[in-house]
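Take a look at the letters that make up each chain.
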Amino acid sequence: MKKIATLLAAVSLMMPITTSAQSVQGTSYFLPKTVLKFHLLVEKTTFKPGELAEYADKYMKLRNVGTAPNTSYKIVRVNIEKTSVPDSSKMYTALIDKKHSIFSIKRTDEGILQAINAEGEPREFYKPFKSAPKAKVLNAKDYMNQDILSAGSSAKMAELIAQDIYEIRESRNELSRGNADYMPKDGAQLKIMLSNLDTQEKALMQVFTGTTEKDTTEHVVTFIPEKTIDRTTLFRFSKKLGLVDADDLSGEPYYISISDEHIIPELPIEAQTDEKKKDKDNCGVYVNLPGKINITLTNSQSQLITSEIYAAQFGRTESLSGELFGRKLTTHLVVDPITGNAKSLKVEPIE
């Protein structure tokens, strides 16, 4: 029977942790380890040459028109998100018994401490990037007349298309100057007519200049700072391939540096107690005093990011005296689930 009871107790510790308040002899929780997530917005540009690009100079006086397909990538923005994971080295059990006024413990879904005898503050989650709807690619053939479509050679087709483009430009100029044979009745109609002419020209010009499509996507690179580092490769980026592995030499390295500023906040005044009293009445309530660090992200040309944050693993852990949770006091503690620091601590006497 004792073996069965021991097994059940062990299984109970392994069960998923919920955020609901619990009233048991002891409730286990984790303090957090701060995690950095670098959100990279990467723009992909795809160029497809026009089918009549070789005639661009002859008929449209356009030089250096691309004649080969090409795909390129570039980073347009980098953001840092602070988040956390449970620190397995900082698992504690808060005592819930007759000697202490611990009525409820709130934790995240991962088991990180949020609050004791209080409601944890709502967590702010990073909003993923949403790309704008892509513009519809025009089909040049939808704007070609029968003569163009039945042309016997590419050269003849290019000549006829160029003539159409010049006629479209002439019509637009006449409308803009008010000299067209059929002028619109009002400004709204004029705007529509000019827009239609612009669309026709853009579609036909594609056969010479080609098409360029751009698509922006978000990529996330996760990093857990553990110690001071100087120019460690975080990721590599290739203009031809985009984001690649950190050991893929086809990409340019992007370096992360972490420096410890050795600045640690103090406990709230209400929580500052004589060390002997802490040891005498340890009720299993701990918080982090996170350390301030400086983060920089650079490549070979420039510095992309510099930021100062507090990280749990660069500070130290402090226990709160059981006196704060004794029978004569009710202490309401709210903890930052990213750093483990005490965000607020309110002590009220029990009447």
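Residues numbered from 1 in each chain as written. Predicted model: local features only at pLDDT ≥ 70, side-chain atom pairs only at ≥ 80, totals over all residues. Heavy atoms only, no water.

### Concerning the overall build of the protein chain
Let me state the cut-off plainly: Where helices and strands are cited, they refer to DSSP runs of H or I of at least four residues and of E of at least two residues respectively, numbered from the N terminus. Remark: exposure states derive from per-residue accessible area (1.4 Å probe, protein chains only) relative to the maximum for the residue type, with buried under 20%, exposed over 50%, and partly exposed in between. Only heavy atoms enter the contact rule, under which two residues are in contact if any of them lie within 4.5 Å. Per-residue and other accessible areas follow the Shrake-Rupley method at a 1.4 Å probe size, with only the shown protein chains counted as cover for residues.
Each helix and strand in the protein chain was counted, giving 6 helices and 12 strands. Within the protein chain, the fraction of its 351 residues that count as buried is 41%. For the protein chain, long-range pairs separated by at least 24 residues make up 74% of all intrachain contacts whose partners lie at least 6 apart in sequence. Put simply, the protein chain shows about 21000 Å² of open surface, and 51% of that area lies on carbon and sulfur atoms.

### Quick look at the environment of S259
Summarising the element assignment, S259 is placed in strand β8 (residues 252-260). With 31 residues separating them along the chain, S259 and T228 place their C-alpha atoms 5.1 Å apart.

### Some details on the environment of E213
Relative to the assigned elements, E213 resides in strand β5 (residues 211-223). E213 sits in the partly exposed class, given a relative accessible area of 32%. Note: C-alpha distance between E213 and A135 (78 residues apart in sequence) is 8.8 Å. When near neighbours in sequence (up to four residues on either side) are disregarded, E213 contacts K44, T45, T46 and V137.

### Thoughts on the sheet that holds β5
This is how it is decided: Strand pairing follows a simple DSSP-based rule, namely that at least 2 bridges must link the two strands. Here, axes are lines fitted to C-alpha atoms. For helices the fit covers the stretch in contact, and angles between N-to-C directions go from 0 to 180 degrees.
Pairing is antiparallel in the open sheet, where 3 strands are placed in the order β2-β1-β5. Of all the strands in the sheet, the pair left with one neighbour each is β2 (70-95) and β5. The average undirected angle you get between the axes of adjacent strands in this sheet is 15°. In terms of strand pairing, strand β1 (residues 26-48) meets β5 through 13 bridges, oriented antiparallel. Following the sheet pairing, F47 is matched in β5 by T212.

### Considerations on the nonpolar core
A general tendency of soluble globular proteins is for nonpolar side chains to be buried together. Applicable threshold: Here, nonpolar core means buried Ala, Val, Leu, Ile, Met, Phe, Trp, Tyr and Cys residues that are tied together by side-chain atoms lying within 4.5 Å of each other.
Of all hydrophobic cores here, the largest spans 24 residues; its most connected members are L52, M144, I161, I165, V207 and F208. Of all the elements in the fold, those that place two or more residues in this core are α2 (56-60), α4 (154-177) and α5 (187-209). A total of 8 residues in this core trace back to one element, the largest contributor, which is α4. Apart from the residues lying within four places of it in its own chain, the contact partners of L52 are S154, M157, A158, I161, V207 and F208.

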